[in-house]
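# Structural characterization, general
For reference, the chains in residue letters:
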Amino acid sequence: MGTETEAGAGAEAGEGTEAGVGKGPGGGAGRSSGPSGPSGPSGPSGPNRPAPGRPPVVDHVPTRDKVVFLTYDDGAERDPRFIDLVRRRRLPVSMFLTDSVVGPGYGHFARLRSVGASLQNHTLDHPALRGLPYAGQRAEICGQQRKLTSRFGIRPHLFRPPYGTYDTTTLRAAADCGIKAVVLWRVTLEGDGTLTYTRGAHRLAPGDIISVPAGETPPLTLAERTTRLLRELEERGLKVGRLEDYVR
């Protein structure tokens, strides 16, 4: 899969404060893949405010807390050293899993969950959802809800659409599957450890959601990329926050 960076445009900073997206444990106010950003139903620069009964779409959390959020996509990369890193640094990472990509590797993610990682929904088969009929989108989202529930006894409340593409039908299907928020990203951690930005200033800021897409053969391992990023966060006085504490 590894192509999460093929997307259209995210929401503007300061939005996403409705429906359980907000300040987080520390209080305060503030708000994710590729060169152009995620693509929503309003097109580039479209608002992310949901219709009643629809989950909000967020790529940045409004907070004054000096935290950013690490999110990992697909489940294709199963680096055992990454588990050690998460355990040792007590990193509250969020893993957005696709069933067809994870395949027989669910045991790896059970171990990650046991050391503090959160497991969330990234569809059954990783299709671009935008434009698909409601039944197909619901099957992808609800199907992965059922998979994760049966394997781990959890029911995810966060969802990331593959490639960052979605439409109003996606939001309707997500809501009907029990999803509370659709999570995009403002920052991407590339395979070589560099950061790219979908919009706004090209520097990390409190509340940023960082996407770590799965690469085919990235030059750096998952643990190496994450370690490099952690060094940059420390230099900027930022820490890793638990996304589920801020978006719920």
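Below: a short report on this structure. (Residues numbered from 1 in each chain as written. Predicted model: local features only at pLDDT ≥ 70, side-chain atom pairs only at ≥ 80, totals over all residues. Heavy atoms only, no water.)

### Concerning the pairing of strand β2 (residues 67–74)
Across the eight residues that make up β2, a large majority, eight, are buried. Bridging between β2 and strand β10 (residues 239–240) involves two bridges; their strand directions are parallel. In the strand pairing of β10, V68 is matched with V240. Bridging between β2 and strand β9 (residues 209–212) involves four bridges; their strand directions are parallel. (Buried < 20%, exposed > 50% of the residue type's maximum accessible area, 1.4 Å probe, protein only. Helix = DSSP H or I, 4+ residues; strand = E, 2+ residues; numbered from the N terminus. Pairing = 2+ DSSP bridges.)

### Brief notes about a positive patch on the surface
Where like charges cluster on the molecular surface, the positive patch consists of R138, R146, R155 and R172. With respect to the helices, strands and loops of the structure, R155 is situated in the loop between α4 (134–152) and β5 (158–159). (Patch = residues over 30% accessible without salt bridge, like charges linked within 9 Å, V, L, I, M, F, W, Y side chains within 5 Å. Areas by Shrake-Rupley, 256 points an atom, 1.4 Å probe, with all protein chains shown as cover. Salt bridge = Lys/Arg side-chain N within 4 Å of Asp/Glu carboxyl O. Lys, Arg positive; Asp, Glu negative; His and termini not counted. Charge placed at Lys NZ, Arg CZ, Asp CG, Glu CD.)

### Some remarks on α4
Taking 1.5 Å of rise per residue, 19 residues should cover 27 Å, and α4 covers 27 Å from first to last C-alpha, within 8% of that figure. Burial in α4 covers these residues: Q137, E140, I141, C142, G143, Q144, Q145, L148 and F152. Looking at the buried side of α4, the elements it contacts are β3 (94–97), α2 (99–102), α3 (106–114), β4 (118–121), β5 and α5 (168–176). (Expected span 1.5 Å × (residues − 1). Contact = heavy atoms within 4.5 Å.)

### Thoughts on α3
When α3 is considered as a whole, its buried residues turn out to be Y106, H108, F109 and L112. Seen end-on, α3 carries its buried residues on one side only, within an arc spanning 150°. Where α3 is buried, its residues meet α1 (80–89), β3, α2, β4 and α4. Just beyond α3, the residue with positive phi is G116, at close to 115°. (Arc of directions from axis to C-beta.)

### With respect to the packing of aromatic side chains
The tally for this structure, following the rule as stated, stands at three aromatic pairs. Look at Y72 and F82: their rings are 4.8 Å apart centre to centre, the planes differ by 55°, and that puts the pair in the tilted class. Of this pair, Y72 sits in strand β2 while F82 sits in helix α1, and the two are 10 residues apart along the sequence. Side by side, Y72 and F82 carry an identical accessibility label, which is buried. Lying over the aromatic face of F96, R160 brings its terminal NZ or CZ to 4.7 Å of the ring centre. (Phe/Tyr/Trp six-rings, centres within 6.5 Å; stacked < 30°, edge-to-face > 60°. Lys NZ or Arg CZ within 6 Å of the ring centre and 35° of its normal.)

### A closer look at the packing of α4 against α5
In the contact formed by α4 and α5, the axes pass within 9 Å of each other and the chain directions differ by 45°. Overall, the two elements α4 and α5 adopt an arrangement that is oblique. Seen along the crossing, α4 lies across α5 with a hand that is right-handed. Residues Y134, Q137, R138, I141 and C142 of α4 pack against T169, T170, R172, A173, A174 and D176 of α5. (Axes fitted to C-alpha atoms, helices over the stretch in contact; angles between N-to-C directions. Parallel < 35°, antiparallel > 145°, perpendicular 65-115°, else oblique. Left-handed = near helix turned anticlockwise from the far one by under 90°.)

Structural measurements only, silent on function.
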